[in-house]
Amino acid sequence: MNRDTVEQVLRDYDALRRPGADPELEAVRAAILLEDVFGVALSDAEIDPAVFADSAAVAALVARLQGAV
Amino acid sequence: MCGVCGIVSYDGPPDLALLRRMMGRLGHRGPDGNGYYRDRRAALGHTRLAIIDTSGGAQPLCNEDGTVWVTFNGEIFNYVELGAELRHRGHIFRTASDTEVIVHAWEEWGEECFSRFNGQWAIALWDRRAERLVLSRDRLGVRPLFFIRRPAGLLFASEVKSIFADRSVQRAFDPAGLDQTFTYWSPVAPRTVFRGIEQLEPGHYAVLDRNGFRKAPYWRITFPERGREPVQDAQENADALRERIVEATRLRFLRSDVPVGAYLSGGLDSSVTAAVIARYTGAPLHTFSLRFADSEFDEGLYQKKMSAVLGTQHQDIMVSPSAIAAVFPEVIWHAETPILRAAPAPLFLLSKLVRENGYKVVVTGEGADEVLAGYDLFREARVRLFWSRDPESEKRTRAAELLYPWMARSPGRMPAFARSFFGRRLDPGDPALSHRPRWDSTSVIKSMLSGDLQDRISGADADDVVATMPPDSKDWDPLSRAQWLEMTTLLAGYILASQGDRMLMANSVEGRFPFLDRAVVDFANALPARHKLFGLEEKYLLKRAFADLVPDDILHRPKQPYRAPDAASFFTPDRPAWFEEVMAERAIAAAGVFEPSLVAGLLAKCGRTGGENMSNTDNMRVLAIVSTQLTHECFIADGEWGALEWSLPDPSVAVDLTNDDRSVA
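What this report covers is the structure whose coordinates are included nearby.

About the criteria used
- Counting of residues starts from 1 at the beginning of each chain's written sequence and follows it residue by residue.
- As they are written, the chains are lettered A onward and the ligands numbered 1 onward, keeping that order.
- Local features in this predicted model are restricted to residues whose pLDDT is 70 or higher, and side-chain atom pairs enter the listing and the counts only when it is 80 or higher, whereas totals over whole chains, interfaces and linings include all residues.
- Note: side-chain values were computed over all heavy atoms of the structure, leaving out hydrogens and water.
- Here, a salt bridge means any Lys or Arg side-chain nitrogen found within 4 Å of an Asp or Glu carboxyl oxygen.
- Only DSSP runs of H or I with at least four residues qualify as helices, and only runs of E with at least two residues qualify as strands; both kinds are numbered from the N terminus onward.
- Each residue is assigned to one of three classes by its accessible area relative to the maximum for its type, calculated with a 1.4 Å probe on protein chains only: buried under 20%, partly exposed between the two thresholds, exposed over 50%.
- Contacts are assigned to residue pairs that have any heavy atoms within 4.5 Å of one another.
- The term buried area refers to how much accessible surface (probe radius 1.4 Å) is lost by two components on association, counted for both of them together.
- Any pair of nitrogen or oxygen atoms within 3.5 Å is treated as a polar contact; in protein, a donor-acceptor pairing is required on top of that, and neighbouring residues in sequence qualify only through side-chain atoms on both sides.
- Each patch groups residues whose relative accessible area exceeds 30% and which form no salt bridge, using 9 Å between like charges and 5 Å between nonpolar side chains of Val, Leu, Ile, Met, Phe, Trp and Tyr.
- The method behind every accessible area is Shrake-Rupley, applied with a 1.4 Å probe, and residues are considered shielded solely by the protein chains displayed.
- For the purpose of counting charges, residues Lys and Arg are taken to be positive, whereas Asp and Glu are taken to be negative. His and the chain ends are not included.
- Where a charge lies is defined by one atom per residue type: Lys uses NZ, Arg uses CZ, Asp uses CG and Glu uses CD.
- Between the first and last residue of a helix there are one fewer steps than residues, each counted as 1.5 Å, and that sum is the expected span.
- As a rule, the C-alpha atoms of each element are fitted with a line to give its axis, helices using only the stretch in contact, and angles between N-to-C directions run from 0 to 180 degrees.
- Every angle not falling under 35 degrees, over 145, or within 65 to 115 is termed oblique; those three ranges are roughly parallel, roughly antiparallel and roughly perpendicular.
- Should the near helix be turned anticlockwise from the far one by less than a right angle, the crossing is left-handed, and should it be turned clockwise, the crossing is right-handed.
- Any Phe, Tyr or Trp ring, taking Trp's six-membered ring, that has another such ring centre within 6.5 Å forms a pair; planes under 30 degrees apart are called stacked, those over 60 apart edge-to-face, and the others tilted.
- In our convention, an over-ring charge means Lys NZ or Arg CZ found within 6 Å of a ring centre and within 35 degrees of that ring's normal.

Once that is clear, we can look at the pattern of salt bridges. Residues and elements named next belong to chain B. Considering all chains together, one arrives at 62 salt bridges over all chains under this definition. Here Asp316 ties to Arg291 by a salt bridge, and the two come within 3.8 Å at their closest N and O atoms. One end of the pair, Asp316, is in strand β15 (residues 313-319); the other, Arg291, is in strand β14 (residues 286-292), with 25 residues separating them in the sequence. For Asp316, a relative accessible area of 30% corresponds to the partly exposed category. Residue Arg291 is classed as buried on the basis of its relative accessible area, which comes to 15%. Note that Glu538 and Lys543 form a salt bridge whose closest N and O atoms lie 3.7 Å from each other. Neither Glu538 nor Lys543 differs from the other in exposure class; each is buried. Salt bridges sharing common partners tie together Arg29, Arg143, Glu159, Lys161, Glu336, Asp501 and Arg502.

This is the structure in structure tokens:
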């Protein structure tokens, strides 16, 4: 998956964020998406609302995990 | 839409009286006319629901020199374009019907013609010179086609009851067919619940001639290797999907010589098709909906909203549990198989409403859940895979709450529920991982089968649908494998049959399904899985493609599966008398499918609650037993149902060439 596609997926994910939803549950929702689309596995520590609150942090996480795959 | 039937007999002329009886049992599929063709080897019958070229187009119909005859149920939506191409190649047409395109297409392209058709069909072609019968069924099984092979020929028909018009055909349940029904919700083609009766697989054609009987696919459900889908850009794909759905809907609305209505369920799919009709055809639209008194099942609010947005002339029918019970024998007479939900019954009542309003064609949203990934089953499979990567993780266990919000109110129950739900038959390498929970929970019905039937099932040839998955499916996305299983089992066997064709044709109404258009399906199957199920967002691309046509609260409302009151429908104070008859201990024993003492226990349990608040398993058990008993009563026992026939008017086509020497090659 090239960089443009990764960025597009993350933009699409951003558009689906649910304001006001339980942040921990939304982190789980995002983790399901990222693991499926990018074929990576997240640790419990990475399924963290703080990470998923920030698009840049999500992008960095995906880049790091993809580098590790 | 019509009824077709026929006889091939290599050891003597087919019996015309039998053919007429077979046609009489298909009168509901074609009340507008009928016709037959017979020569020394074959007879074709047809009952007509006139939709295209209503003044011409009577069937059976032949080519220029009368050597190829066809009887046809369905629509070839691209018949205009194919007809132009065939005329250009020198074929001479006598009618403006899509039926005539079939015979010329067969002459021109042989069996390759089927892959050129875009539509929904069951076709029988008889080539007099070769003494060859060709049967064909549409790609996904919208139209039914049954047959029974004989030593010197074959009988075929749109419905099994037509084949049973031949009293020499043995009428008995097929244990393996019942086994499939109580696992997958329906038999999987070519199997049926009746011994010796086969159904042609969707996407296949079959040939019978002096060399024997053979079948082959002209189309298969297939998906690309994960990561190698042709277009990865979501917006580009959304635009292309919209273009195809708009064209598919326009074709189905405009290619008719009678008015076309539309179903409006209140969900996304039928809202899209109705909105496309309103936006892109400019024609006035009449919409029809089901309502339920029980708010658990009712979607009236959304139906009214969508109807108001589109400005349609709207009608609905309120369905009560008593109404379901009242029509249930008729429903089973039409469905011709045990069913595990009462949901087809309201659809029977809805098509009746359509017909009473003067319509005989409706466009519906059927197929979108399978083609564009709308079912909860797909979301559940994704969550199960997510959880399987670390079953001890507390965070992963919380994924259950995303599927079932009530879990959040019961955190104490969560770990046990998660283990039982996610952990059940969980093998990430299992190609049917998505479907094991459903199949396992359905199979619980079999604990109530009689000992004799259980023995016969264990001794029968096992049909493992998973073993028939294409070898390259191992490289597909897991969602694609789940879609393949869903299209192969539930879509063809239940959604399009018991809930679709049979409930529509029961009242002489044709359903048209834009989401099952050839171009839509081929395009959707080639999409990246994430464009269909984006994380847990179902039908992602469809929502994106039609965000401007569907109101936000319909676009983003949680998926509500279509359901109707199940066991509760049969335990009302005004329960019809038929129930006591078919569920009596002696009737259960006579059918031989279920163990009478276990049935009595279940009925007593339901009686205590009026059928309310039963578990999913008990609801399915009740429906399985009631519908199996009715199937037995209608088709196997020598009851009044077994002999029901329409009195047909004089045929508009009556060709008998049994005395014509040219009929023998």
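Moving on: the interface of chain A and chain B. Counting residues at the interface gives 24 residues for chain A, matched by 25 residues for chain B. Taken over both partners, the interface formed by chain A and chain B buries close to 2,200 Å², and the fraction arising from carbon and sulfur atoms is 56%. By the criterion of area lost to chain B, the three top residues of chain A are Leu25(A), Ile32(A) and Asp36(A), representing 26% of everything that side buries. Glu35(A) is the partner of Arg389(B) in a salt bridge, and the nearest nitrogen-oxygen pair spans 2.5 Å. Across the contact surface, chain A and chain B share 11 residue pairs in polar contact (both at pLDDT 80 or more). Secondary structure elements with two or more residues in the side of chain A that touches chain B: α1 (3-15) and α2 (23-38) of chain A. For the side of chain A that touches chain B, the leading source of residues is α2(A), giving 10 residues.

Now for the side chain of Ser270(B). Of note, Ser270(B) is situated in helix α8 (residues 268-281). For Ser270(B), the contacting residues outside a window of four places in its chain are Tyr263(B), Leu264(B), Ser265(B) and Gly365(B).

In this section: a negative patch on the surface. A contiguous patch of negative charge on the surface is contributed by Asp233(B), Glu236(B), Asp239(B) and Glu243(B). Topologically, Glu236(B) is positioned in helix α7 (residues 234-254).

In an α-helix there are 3.6 residues to a turn, and that puts residues three or four apart on one side. Residue and element names in this part refer to chain B. A rise of 1.5 Å per residue sets the reference length of helix α11 (residues 344-356), with its 13 residues, at 18 Å; its end C-alpha atoms lie 19 Å apart and thus fit the reference within 8%. Within α11, 10 of the 13 residues are buried, which leaves the element mostly enclosed by the surrounding structure. Pro344, Ala345, Pro346, Leu347, Phe348, Leu349, Leu350, Ser351, Leu353 and Val354 are the residues of α11 that are buried. Within two residues after α11, Gly358 carries a phi angle of roughly 85°, on the positive side.

Right, let's get into unusual backbone geometry. Glycine aside, residues mostly have negative phi, and peptide bonds are mostly found in the trans state. Residue and element names in this part refer to chain B. Looking along the chain, the bond that leaves Gln59 and enters Pro60 is cis, with omega of -5°. Position of Pro60 among the secondary structure elements: in the loop between β3 (42-48) and β4 (61-62). For the peptide bond that leads from Ala189 to Pro190, omega is 15°, which places it in the cis range. As for its position among the elements, Pro190 is in the loop between α6 (175-184) and β10 (198-199). Located in the positive-phi region is Glu336, a residue other than glycine, with phi close to 60°. Note on Glu336: relative accessible area 4%, which makes it buried. Positive phi, close to 60°, is recorded for Ser508, a residue that is not glycine.

Glancing now at α6(B). Residue and element names in this part refer to chain B. By the criterion of burial, α6 is predominantly enclosed, with nine of the 10 residues buried. Within α6, the full set of buried residues consists of Pro175, Ala176, Gly177, Leu178, Gln180, Thr181, Phe182, Thr183 and Tyr184. In this structure, the buried side of α6 is in contact with α17 (436-443), α18 (451-459), α19 (478-495) and α28 (616-636). Backbone geometry just downstream of α6 places Trp185 in the positive-phi region, at approximately 85°.

The next point concerns the packing of helix α27 (residues 596-609) of chain B against α28(B). All names here are of chain B. As a packed pair, α27 and α28 sit with axes 11 Å apart at the nearest point and diverge in direction by 120°. Overall, the two elements α27 and α28 adopt an arrangement that is oblique. As α27 runs across α28, the sense of the crossing is left-handed. Here Val599, Leu602, Lys605 and Cys606 of α27 lie close against α28, whose contacting residues are Asp618, Arg621, Val622 and Ile625.

Another aspect to go through is the environment of Gln66(A). Residues and elements named next belong to chain A. Tracing the backbone through its elements, the reader meets Gln66 in helix α4 (residues 55-68). Sequence-wise, Gln66 and Tyr13 are 53 residues apart; in three dimensions their C-alpha atoms are separated by 18 Å. When neighbours within four sequence positions are excluded, Gln66 is seen to be in contact with Val6, Phe38 and Val40.

Right, let's talk about the packing of aromatic side chains for a bit. Residues and elements named next belong to chain B. On inspection of all chains with the given rule, the structure shows 25 aromatic pairs over all chains. When the ring of Phe570 is compared with that of Trp578, the centres are 6.0 Å apart and the planes differ by 80°; the resulting orientation is edge-to-face. With a relative accessible area of 0%, Phe570 lands in the buried category. Within the aromatic cluster, the residues linked to one another by ring pairs are Trp106, Phe114, Phe117, Trp121, Tyr205 and Tyr218. Its end group placed over the ring of Trp109, Arg116 keeps NZ or CZ at 3.9 Å from the ring centre. The ring of Trp333 has Lys161 sitting right over it, with the charged end atom 4.4 Å from the ring centre.

All quantities given are derived from atomic positions and should not be read as evidence of function.
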